[in-house]
Amino acid sequence: MGSSRMKILPERAVVIVGGGLAAGLVARQLVRQGIDTLVLERGGDSRGGAESKIPSQRDELRWDTRHGLMQDGALETYTLRRSRSEASLPMRRLSAFLPGTGVGGAANHWGGQTFRWNDHNLALRTRFEQRYGRSVIPADMTLQDWGVTYVELEPYHDLFEKLFGISGKAGNLRGQIQPGGNPFEAPRQNEYPQRPLEITEAGLIFKETVEREFGFKPYPSPAANSPDPYVNPDGMRLGACQYCGHCERFICEANAKGTPEVLLYPWLEQQPKFELRRHCHVTGLDFDRSSGRVRGVQYLDLATGESFLQPGATVVLAAFTLTNTRILLSAGIGRPYDPESGTGVVGKNFCYQANSGIALFFPNRWLNPFLAAGCTGTLIDEFNDDNFDHAGLGFLGGGYIGVNVSSGRPIGQRRLPPGTPRWGTRWKQANAEWYAHTCAIGAQGSCYPHRENFLDLDPDYTDAYGQPLLRLTFDFRENELKVSAFVTEKCRQIGRAMGAAHLGPVSSRTAPFDTRLYQGSHVTGGTILGADPGTSVVSPRLQHWDAENLFVVGASVFAHNSGHNPTGPVAALALRLGDDLVRYHQKPGRLT
Amino acid sequence: MNSSDVSSRGRRAFFRTAVLAAGAATLNPTPSQGAPGDATPAPAAPVGYLCFSPDEAAFVEALVEVMCPADDLTPGGIDCGLAYFMDRQLAGPFGKGDRLYRRGPWRPGRPEDGYQLPLTPEQFFKAGIKAANQACLAAHRRQFPELTAEEADRMLQAFSTGDLKAPVFGFSEWFNDLVYPLFTQACFADPIYGGNRGKVFWSLIGYPGLPAVNGLNMVKYRGKPYPGAHPPKSIEDFS
Ligand SMILES: Cc1cc2nc3c(=O)[nH]c(=O)nc-3n(C[C@H](O)[C@H](O)[C@H](O)COP(=O)(O)OP(=O)(O)OC[C@H]3O[C@@H](n4cnc5c(N)ncnc54)[C@H](O)[C@@H]3O)c2cc1C
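How each quantity is defined
Residues numbered from 1 in each chain as written. Chains lettered and ligands numbered in written order. Predicted model: local features only at pLDDT ≥ 70, side-chain atom pairs only at ≥ 80, totals over all residues. Heavy atoms only, no water. Helix = DSSP H or I, 4+ residues; strand = E, 2+ residues; numbered from the N terminus. Contact = heavy atoms within 4.5 Å. Areas by Shrake-Rupley, 256 points an atom, 1.4 Å probe, with all protein chains shown as cover. Near = heavy atom within 4 Å. Polar contact = N/O pair within 3.5 Å; in protein donor to acceptor, adjacent residues only side chain to side chain. Pairing = 2+ DSSP bridges. Axes fitted to C-alpha atoms, helices over the stretch in contact; angles between N-to-C directions. Buried < 20%, exposed > 50% of the residue type's maximum accessible area, 1.4 Å probe, protein only. Buried area = accessible area lost by both parts, 1.4 Å probe. Salt bridge = Lys/Arg side-chain N within 4 Å of Asp/Glu carboxyl O. Expected span 1.5 Å × (residues − 1). Bend = angle between axes of the 7 residues up to and from the residue. pLDDT = per-residue confidence, 0-100. Phe/Tyr/Trp six-rings, centres within 6.5 Å; stacked < 30°, edge-to-face > 60°. Lys NZ or Arg CZ within 6 Å of the ring centre and 35° of its normal.

> Quick question: what am I supposed to make of the overall build of chain B here?
Across its full length, chain B carries 8 helices and 0 strands. Within chain B, contacts between residues separated by at least 24 positions form 64% of all contacts whose residues are at least 6 apart in sequence. When the accessible surface of chain B is split by element, carbon and sulfur atoms take 58% of a total near 10,600 Å².

Below you can see the structure in the form of structure tokens.
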């Protein structure tokens, strides 16, 4: 794609790369103030297609097993090595995590668990050092404070919850602990806009057990699944959730899931200052090093095969963790991270999550796993963050623990007691016997940065467009193995107390990282934020330290990954960035 | 053509006839649970393979009959459409390498790196059949379709545990990461793909299939047997 053959288009005020959740939220704040905004998205629409209509919507093989909605790994995948001394291998079938594609991004087919992250997470290094002393953080754990406080983000969390009709129960309302909510959550100004989802039978068993046996405080998972019909502040509507068990990995056929394709893009496309260009695969940025400014965005129009340079006064990268990092690396903006010296920043602090679970079997309880929504979960935070004393434990971090019942889809979600044969009559018998009577207790384990876990460009492998693939150097290191062992053991204890007749194998997350197993799509880092230009890619206001008119948003800016799902803070940061860009548009310069 | 080819062909012909003759009755193992209006016969089973050769078909038919023997719970694997499902999946986009990154360099990996061969899934599946038949010849002097059910079962165990090594690749990856997933998909995917004929596996476990609405059921049947699972509904029922 020689830039000589690139057609140069007229400049736009704000050009956003990627048309997913973060992009839609940034754009909303901008066009409300009448600022010209263009979004470039590589994919098309899912509204009205087979993926969104009954009966084809309920096709487990097509959408779930075969990943019909996700990024096509034949075109672009990632390579992996577990240490710098190994050769990388491509993940030839994307399975461990599943980046989205198309208007609305992965948040069209997300589950919808929507958390706020508290001040502990935003000032992680400082908090740990204050409580346990400076020596508690191992030298190879590159923890950093975010340079952002919860108070700054609270109004944006609140706005996102209203825009997406989030359901849940407050646990901390302006400092007052609320019964039935999560007492460990950061104080919120307002109750959730919608009531919690109905609890599942498995959730009831979990709730009764942890209250009675352990005195824990279970709470309903906060959910972007709408329990009732809902109208958001923009007048956009959600239907009522039908608990159909085809939610995460699917497009909601009832329009009852808070997603960008239902709540953001239809509204945006009615606004005169907004333009969305579909099927535009962004290949790079045109960066003028001497002025420290990005001239514009290079893209390939997949509908015509033409290459364009789209100039922008302001450019925003909102193309998910992996593309955000890859574009900065290929454009040479910011110093690539070097694990040898520990210097450089782009690609640094790549994190995943150490998720684990144990199957539980209750012969006498009808758990009916198919009566479920993406977020019908009942959770506890007693072993998350720093809500428990880490002194002497030998690790930092934790995870939420709970019973998430989101589907009984029979290809992927059947569970059988250990020792069951894998085929034959007894296998069939066991399926018949146990299908309606199992659930899993799981933990969403945090993952803190490690000096040797990072992203760079692969020297050998390219995508379908001829560009280098992004290379992950990653494995679960000692801290995460210990976190996972700890929270998984808590799962086992609770599972026993719940009275399960059988427990599945107690398998915490282990090394080597297994690319074949889905472990959640929460990959973070690579373009991290921070107050120090020497150790971060973007400022706490998401402005690139080396390119004043370039901003980055998404979980790529997270300095670590926690024991809660990431999209709440992604959304809050995106809405705040939208407001910041209104200021920047009026008065360009370094944002403070 | 050797004698085993002949006998496996004869066996397959027998299975096909059985499918056609048995009609709807054997396709629904729990007819008593169906609503009266649901007694419509299942559509005639499609006959013929798109991508399997006769020898490959014999192997797969024998495989699904071992993994899903006819019993009180379901008809045998062939009558459940399991071999047909695998044939169609391997003949279609999945088998041809859809969504699979297929650029070099090709490097050997560990199992945790996932599939790393240049072969398409269809080619890999078939290469595995050849190697598996050879392993059976070595162990029993007969190819897989000619083994007794017990012998075949033990061979599958050996493939799955990695106790047996194929000359070029690991049987355990072939079996566990390709054959076995296709088997469970064949049992539990929507019948529109050709397996799970008559929704037999959904009925067996009590999966209701494609509920259009469940809002009220969520509360009404919390902790109780769910009557909507009998009979389950598939894509065809909504089409
Ligand atoms: C199955 C699943 C379940 C999930 N469940 C949850 C959950 O319960 N809770 C939670 O917090 N999070 C969940 N997530 C994660 C959540 O979806 C993401 O955190 C969220 O979508 C991130 O928003 P984003 O805007 O950064 O990325 P996305 O929403 O994915 O948007 C990025 C967009 O950029 C586009 N893009 C990428 N590269 C290019 C390019 N080169 N050119 C042009 N466009 C490009 C993509 O096509 C995509 O549309 C889930 C994810 C998956 C896959």
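> Explain the site of the ligand here, please?
Residues and elements named next belong to chain A. In the vicinity of the ligand, 35 residues are found, and the nearest of them are Ala22, Glu41, Arg42, Gln113 and Thr567. Taking Arg42, its side chain carries an N or O atom lying 2.9 Å from an oxygen atom of the ligand. Asn565 is positioned such that a nitrogen or oxygen atom in its side chain is 3.1 Å from a nitrogen atom of the ligand. Burial of the ligand by the protein amounts to 97% of the accessible area it has alone, namely 990 Å².

> What's the story with the sheet that holds strand 22 (residues 502-503) of chain A in this structure? I'm lost.
Hydrogen bonds between backbone atoms are what pair the strands of a sheet, whose relative direction is either parallel or antiparallel. All names here are of chain A. Across the sheet, which stays open at both edges, the 6 strands sit in the order 8-17-18-19-16-22 with antiparallel pairing between neighbours. At either margin of the open sheet sits one strand with a lone partner, and together these are strand 8 (219-220) and strand 22. With respect to the sheet, helix 6 (residues 201-214) is in contact with strand 17 (377-380), strand 18 (399-404) and strand 19 (438-445), its orientation differing from that of strand 17 by roughly 20 degrees.

> When you look at the pairing of strand 19 of chain A in this model, what are you seeing that I'm missing?
Every regular strand shows the same layout, with side chains that alternate between the two sheet faces. All names here are of chain A. Across the 8 residues of strand 19, 8 count as buried, placing the element largely inside the fold. Burial along strand 19 is two-sided: the face carrying Thr438, Ala440, Gly442 and Gln444 and the face carrying Cys439, Ile441, Ala443 and Gly445 are both buried. Looking at chain direction, strand 16 (residues 354-361) and strand 19 are connected through 8 bridges and run antiparallel. Among the inter-strand pairings, Asn355 is bridged to a residue of strand 19, identified as Gln444. Relative to strand 19, strand 18 is paired through 4 bridges, and the arrangement is antiparallel. Residue pairing for strand 19: Tyr400 is matched across the bridge by Gln444.

> Please explain the interface of chain B and chain A as it appears in this structure.
Many structure descriptions define interface size as the accessible area lost when the parts assemble. Contacts between chain B and chain A engage 73 residues on the former and 68 residues on the latter. Interface area for chain B against chain A, summed over the two sides, is near 5,900 Å², with a carbon-plus-sulfur share of 57%. Considering only the side of chain B, the residues that lose the most area to chain A are Arg99, Tyr101 and Met218 of chain B, jointly responsible for 16% of the buried surface there. Linking chain B to chain A there are 6 salt bridges. Taking the shortest distance from any N to any O, the salt bridge between Asp113 of chain B and Arg82 of chain A comes out at 2.9 Å. Inspection of the chain B/chain A interface yields 40 residue pairs in polar contact (both at pLDDT 80 or more). Elements that contribute at least two residues to the side of chain B that touches chain A include exactly helix 2 (54-67), helix 3 (82-91), helix 5 (149-161), helix 6 (171-188), helix 7 (200-205) and helix 8 (217-220) of chain B. When residues of the side of chain B that touches chain A are assigned to their parent elements, the largest contribution, 10 residues, is made by helix 6 of chain B.

> I'm lost on helix 6 of chain B in this one. Help?
Given 3.6 residues per turn, any residue in an α-helix points the same way as the ones three and four places further on. Residue and element names in this part refer to chain B. For helix 6, built from 18 residues, the straight-helix expectation of 26 Å at 1.5 Å per residue is met to within 8% by its first-to-last C-alpha distance of 24 Å. At Val179, helix 6 is deflected by roughly 30 degrees, the largest bend along its length, and proline Pro181 occurs up to four residues later in sequence. For helix 6, the tally of buried residues reaches 13 of 18 residues, placing the bulk of the element in the interior.

> It is not clear to me how the sheet that holds strand 21 (residues 468-473) of chain A should be interpreted in this structure. Could you clarify?
Residue and element names in this part refer to chain A. Taken in spatial order, the 4 strands of this open sheet run 5-4-21-20, and their pairing is mixed. Pairing within the sheet leaves two strands with one partner each, and these edge strands are strand 5 (89-90) and strand 20 (454-462). As paired strands, strand 4 (residues 78-81) and strand 21 are joined by 4 bridges and run parallel to one another. Among the inter-strand pairings, Arg81 is bridged to a residue of strand 21, identified as Thr473.

> Any chance you could explain the pairing of strand 12 (residues 280-288) of chain A here in plain terms?
All names here are of chain A. Counting buried positions over the 9 residues of strand 12 gives 8, a clear majority of the element. The pairing of strand 12 with strand 13 (residues 293-301) spans 8 bridges and is classified as antiparallel. By the bridge assignment for strand 13, Asp288 is matched with Arg293. Between strand 12 and strand 13, which pair antiparallel one after the other, the connecting turn spans 4 residues, and Gly292 there sits at a positive phi close to 65 degrees.

> Would you mind going over the confidence of the model for chain B with me for this structure?
As a general rule, the predicted coordinates of low-pLDDT regions are not to be interpreted in detail. Confidence in the prediction of chain B, expressed as mean pLDDT, is 84, and 81% of residues score 70 or more. Interface confidence for the predicted complex, given as ipTM, is 0.96, next to a pTM of 0.95.

> I would appreciate a short explanation of the side chain of Ser562 of chain A in the present structure.
All names here are of chain A. Relative to the assigned elements, Ser562 resides in the loop between strand 24 (550-552) and helix 12 (567-586). We classify Ser562 as buried; its relative accessible area is 0%. In terms of polar contacts, Ser562 uses its side chain to reach the backbone amide nitrogen of His564, at 3.0 Å. For Ser562, the contacting residues outside a window of four places in its chain are Trp117, Asn121, Gln353, Asp385, Gly445 and Ser446.

> How should the pattern of salt bridges be read in this particular structure?
Working definition: two side chains of opposite charge can pair if their charged atoms are close together. Residue and element names in this part refer to chain A. As enumerated under the stated definition, the model contains 52 salt bridges over all chains in all. Across the pair Arg58 and Glu253 runs a salt bridge whose closest N-O atoms are separated by 3.1 Å. With a gap of 195 residues between them, Arg58 in the loop between strand 3 (37-40) and helix 2 (60-65) and Glu253 in the loop between strand 10 (237-238) and helix 7 (260-263) connect regions that are remote in the sequence. The class of Arg58 is buried, set by a relative accessible area of 2%. What you see here is one network of salt bridges that share partners, running through Arg116, Glu154, Glu161, Glu185 and Arg188.

> Is there a simple way to think about the environment of Ala170 of chain A in this case?
All names here are of chain A. Residue position: Ala170 is located in the loop between helix 5 (150-163) and strand 6 (172-173). Judged by its relative accessible area of 0%, Ala170 is buried. Between the C-alpha atoms of Ala170 and Asn384, which are 214 residues apart in sequence, the distance is 17 Å. Those residues within four positions of Ala170 in sequence are excluded, and the remaining contacts are Gln178, Gly181, Glu185, Arg188, Glu191 and Tyr192.

> Just checking my understanding: could you explain the packing of aromatic side chains for this structure?
Between two aromatic rings, the relevant description is the distance of the centres plus the angle of the planes. Counted according to the given criterion, the structure contains 51 aromatic pairs over all chains. When the ring of Tyr352 of chain A is compared with that of Phe513 of chain A, the centres are 5.7 Å apart and the planes differ by 85 degrees; the resulting orientation is edge-to-face. Here the residue Tyr352 of chain A occupies a position in the loop between strand 15 (348-351) and strand 16, and Phe513 of chain A occupies one in the loop between strand 22 and strand 23 (524-526), the gap between them amounting to 161 residues. Taken as a pair, Tyr352 of chain A and Phe513 of chain A share a single burial class, namely buried. A centroid spacing of 6.0 Å and a plane angle of 70 degrees characterise the contact between Phe383 of chain A and Phe486 of chain A, whose relative ring orientation is edge-to-face. One end of the pair, Phe383 of chain A, is in the loop between strand 17 and strand 18; the other, Phe486 of chain A, is in helix 11 (residues 478-497), with 103 residues separating them in the sequence. Site record: aromatic cluster; members linked through ring pairs are Tyr49, Phe52, Phe59, Tyr115, Phe124, Phe125, Phe144, Phe159, Phe169, Phe171 and Trp174 of chain B. The ring centre of Phe94 of chain B lies 4.0 Å from the NZ or CZ of Arg66 of chain A, which sits over that ring. A cation over a ring is seen here: Arg188 of chain A above Tyr192 of chain A, with NZ or CZ 3.8 Å from the ring centre.

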